[in-house]
Amino acid sequence: RLAGLRAEGVRAGVADAAADAHLAALAGALLPAWRQAPPPMVAVGSAGLAGALAGQLWPQAGRPPLPPGFPRGGPVLVLAGSRTAGTRAQVQALAVVPGVYRLELDAADLDASDWDARAPGWVAAKAAGLQAATAARVHTLLVSIAPDADADDPARFARRSARLNAALGALMAALAGRIALGGLVLTGGDIARAAMRALQGEALQLGPLVLPGLPLSWLARGARPGLPLVTKAGGFGGPQALVEAVHFLRHGRARS
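Report on the accompanying structure. (Residues numbered from 1 in each chain as written. Predicted model: local features only at pLDDT ≥ 70, side-chain atom pairs only at ≥ 80, totals over all residues. Heavy atoms only, no water.)

1. What about the side chain of Ser-144?
Alright, step 1. Here Ser-144 is to be found in strand β3 (residues 140-145).
Alright, step 2. With relative accessibility at 1%, the residue Ser-144 sits in the buried group.
Alright, step 3. One polar contact links Ser-144 to Arg-102, side chain to side chain, over a distance of 3.2 Å.
Alright, step 4. Ignoring sequence-local partners within four residues, the contact set of Ser-144 consists of Ala-80, Val-91, Arg-102, Leu-103, Glu-104 and Leu-105. (Helix = DSSP H or I, 4+ residues; strand = E, 2+ residues; numbered from the N terminus. Buried < 20%, exposed > 50% of the residue type's maximum accessible area, 1.4 Å probe, protein only. Polar contact = N/O pair within 3.5 Å; in protein donor to acceptor, adjacent residues only side chain to side chain. Contact = heavy atoms within 4.5 Å.)

2. A short note on a nonpolar patch on the surface
Alright, step 1. A grouping of Trp-34, Leu-57 and Trp-58 is seen on the molecular surface, where their side chains present a nonpolar patch of about 370 Å² in accessible area.
Alright, step 2. Along the chain, the position of Leu-57 falls in helix α3 (residues 47-57). (Patch = residues over 30% accessible without salt bridge, like charges linked within 9 Å, V, L, I, M, F, W, Y side chains within 5 Å. Areas by Shrake-Rupley, 256 points an atom, 1.4 Å probe, with all protein chains shown as cover. Salt bridge = Lys/Arg side-chain N within 4 Å of Asp/Glu carboxyl O.)

3. Observations regarding empty space enclosed by the protein
Alright, step 1. In this structure the tally under the stated criterion is one cavity of 30 Å³ or more.
Alright, step 2. In this structure, the largest cavity occupies an estimated 40 Å³ of space.
Alright, step 3. Lining the largest cavity are Leu-105, Asp-106, Ala-107, Asp-109, Leu-110, Trp-122 and Leu-164.
Alright, step 4. Of the residues belonging to the lining of the largest cavity, the class tally is five nonpolar, no polar and two charged. (1 Å grid on protein atoms, 1.4 Å probe; cavity = no way out; pocket = protein on both sides within 12 Å on 5 of 7 lines; lining within 4 Å. Points joined across faces, edges and corners; volume = space filled by probe spheres on them. Nonpolar A, V, L, I, M, F, W, Y, C, P; charged D, E, K, R; others polar.)

This is the structure:
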């Protein structure tokens, strides 16, 4: 039927599913259609459909691979750049764990007219402070953002966000050049993108899930190949999400 719809020039088809078997049938029909001549078909749907497609694209059983030499040891660096309420709760939960050093940044510092000139010195000073903290039995470096009192000003918020992303990426690269990090936890898509850019990362190899929606991966290429990291959308996950991510990076397994 899918092949017939394509031949008729239909631009979109809607299929219902009430059971996993239906999703598996749809996935089985979509895969051959993808291999046909263009135009391509785009699958749009639920996580259940994605799971059915993944199961047929990657049918091998077993646990996804872990990064080489995992866990690596060394402190875990957490960059919590998202300013959502969910992330703030996760930061608070992690901050009270013994062995966690917290550096809270004030977004207002980014408003300086000469910020571009001051940024390298700012990054160097923060990196030195974080490096010094690792000498005091600190296993996790938590960098978070203080609540932004001017978040309702769109222009100022956008300017701060752009500067913050670049600064955090540079901070991470500077710290990675000073100490052997055990891994990264990156909260927020902009922060993850800035970190990848700073590490000259071109690709990530996906590993197992730390929690639903929080994948473990590692740099396949770039300045720090093999460096494991956990990425998390800003508003995603429960209050213990960052705690769980750090534990996984440090111990190579979930807490329970």
